[in-house]
Amino acid sequence: MQLRDIIYRHRLGIIVALGLVAVENVAWIAEPGLFGPLIDRMIDQNNHVAGVVVLPALLVWVGVFALNTVAGSARRSIDPRIFRRVFTDVAAEVTDRARINKVDPSVAAGRITLSQEYITFLQYRVPELFEQGIAVIGALVGMAIYDIRIAGICFLVVFPILLVKRVYDRRVDVLQIEVHNGLEEAVEVVRSLDSARVRAHFDRLAVPQRRIADYGALAFGSVRGSLLVIFVAVLYVGIDLDDFTTGRLYTIVSYLWTFITSTEYLPDLLESWSSLKEISGRLQRQEI
């Protein structure tokens, strides 16, 4: 069983879920580009600048805000219904394979628990990947509209991120195997009803989990350090070199902050992806 098989089998529900994610986040990334000009129009109106009309810009922004809200509300209602069905299907398939291949029930139970990560990945991580991708690309495009130098400076963060990903994958993949081995064995350990054995098992399991957390913290700090340099450089360009209006400056800072917060989320996605790859290989083994 692989992730692509699950996606194909439940493609209609997943397309609906991801479609709502796309609508919600495209509307969300468009908001700063509409709200900044609205601020400038309201300032001009208060300063009695001739020919300024605020209402159309206000209505457009309110419409985009409403679209974001409706799509987000619908997604939060529909997602649990879709992905509960997906998990039920996965759990049943794992059980069938365990019966056919005469796998120990405790191992099968552990693998059903591990397969929950498939659902977590589809329900939360894939939409988050969509969200962050739309946010990063939309923020770069939004900043490029105002100043191509700002977008260029932000694009430089791609290179340290690629380096962090390479190091992270190499270190964490091995640790994920240790964690999942321990989770598979946990049911059998608990069945012994030996508290000392249970304590020792989960103490051992905590060691690779702590190391994964340490690598995640290192990746997070590395990305944040790169983003700090970019933030300062962009502010210098936006404030000292260009004569931006209040609304334009608001839009640029909004897109910049969106870019930073979306990019710094990368370490969490890396950990989830590394874990999923290992689980996929585990469920593909011949014994199940």
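Predicted model only: the values in this text are computed from it and were never measured. (Residues numbered from 1 in each chain as written. Predicted model: local features only at pLDDT ≥ 70, side-chain atom pairs only at ≥ 80, totals over all residues. Heavy atoms only, no water.)

For the rest of this paragraph, the subject is the overall build of the protein. Across its full length, the protein carries 9 helices and 0 strands. Of the regular secondary structure in the protein, the N- to C-terminal order runs α-α-α-α-α-α-α-α-α. Looking at the protein as a whole, 43% of its 288 residues are labelled buried. A separation of at least 24 residues holds for 85% of the contacts in the protein among residues at least 6 apart in sequence. Only carbon and sulfur atoms are counted for the fraction: they give 65% of the accessible area of the protein, which is about 15500 Å². (Helix = DSSP H or I, 4+ residues; strand = E, 2+ residues; numbered from the N terminus. Buried < 20%, exposed > 50% of the residue type's maximum accessible area, 1.4 Å probe, protein only. Contact = heavy atoms within 4.5 Å. Areas by Shrake-Rupley, 256 points an atom, 1.4 Å probe, with all protein chains shown as cover.)

Moving on, we get to the nonpolar core. Counting residues in each nonpolar core, the largest one holds 21 residues, and the members touching the most others are Met-143, Cys-154, Val-157, Leu-227, Leu-256 and Phe-259. Listing elements by their share of this core, those giving two or more residues are helix H4 (105–146), helix H5 (148–155), helix H7 (195–241) and helix H8 (246–263). Residues within four places of Phe-259 in sequence aside, it is in contact with Val-136, Ala-139, Leu-140, Met-143, Cys-154, Val-157 and Leu-227. Listed in part, the 16 residues of the second largest apolar core include Ile-6, Ile-82, Phe-83 and Leu-122. (Core = buried A, V, L, I, M, F, W, Y, C linked by side-chain atoms within 4.5 Å.)

Time to look at the pattern of salt bridges. Throughout the structure, instances matching the rule amount to 5 salt bridges. For Arg-75, the salt bridge goes to Glu-24, with nearest N and O atoms at 2.9 Å. Note that Arg-75 is positioned in helix H3 (residues 55–100) and Glu-24 in helix H2 (residues 11–46), a separation of 51 residues in sequence. As a salt-bridge pair, Glu-24 and Arg-76 come within 3.3 Å of each other at their nearest N and O atoms. With Glu-24 in helix H2 and Arg-76 in helix H3, this residue pair connects regions lying 52 residues apart in the sequence. We classify Glu-24 as buried; its relative accessible area is 10%. Assessed through its relative accessible area of 53%, Arg-76 is described here as exposed. Members of the salt-bridge network, linked through shared partners, are Glu-24, Arg-75, Arg-76, Asp-79 and Glu-131. (Salt bridge = Lys/Arg side-chain N within 4 Å of Asp/Glu carboxyl O.)

Once that is clear, we can look at H2. In this model H2 runs 52 Å from its N-terminal to its C-terminal C-alpha over 36 residues, within 8% of the 52 Å that 1.5 Å per residue would give. Helix geometry: H2 is bent most strongly at Glu-31, by close to 30°, with proline Pro-32 lying one to four residues after it. Phi turns positive one or two residues past the end of H2, at His-48, with a value near 60°. (Expected span 1.5 Å × (residues − 1). Bend = angle between axes of the 7 residues up to and from the residue.)

Moving on: the packing of H2 against H8. A pair of packed helices can be characterised by two numbers: the angle between their axes and the separation between those axes. Close contact between H2 and H8 brings their axes to 7 Å; oriented N to C, the two are set at 160°. As summarised for this structure, H2 and H8 are arranged roughly antiparallel, according to the angle between their axes. The hand of the H2/H8 crossing is right-handed. Between H2 and H8, the contacting residues are Trp-28, Ile-29, Ala-30, Pro-32, Gly-33, Phe-35, Gly-36, Pro-37, Ile-39, Asp-40 and Ile-43 on the first element and Thr-246, Gly-247, Arg-248, Tyr-250, Thr-251, Ser-254, Tyr-255 and Thr-258 on the second. Looking at the contact of H2 with H8, its residues break down into 10 nonpolar, 7 polar and 2 charged. (Axes fitted to C-alpha atoms, helices over the stretch in contact; angles between N-to-C directions. Parallel < 35°, antiparallel > 145°, perpendicular 65-115°, else oblique. Left-handed = near helix turned anticlockwise from the far one by under 90°. Nonpolar A, V, L, I, M, F, W, Y, C, P; charged D, E, K, R; others polar.)

Right, let's talk about the environment of Asp-44 for a bit. For Asp-44, the position within the fold is in helix H2. On the basis of relative accessible area, Asp-44 is assigned to the partly exposed category, the value being 31%. Through-space distance from the C-alpha of Asp-44 to that of Val-54 is 9.3 Å; in sequence the pair is 10 residues apart. Leave out the neighbours within four places in its chain, and Asp-44 touches Val-49 and Val-52.

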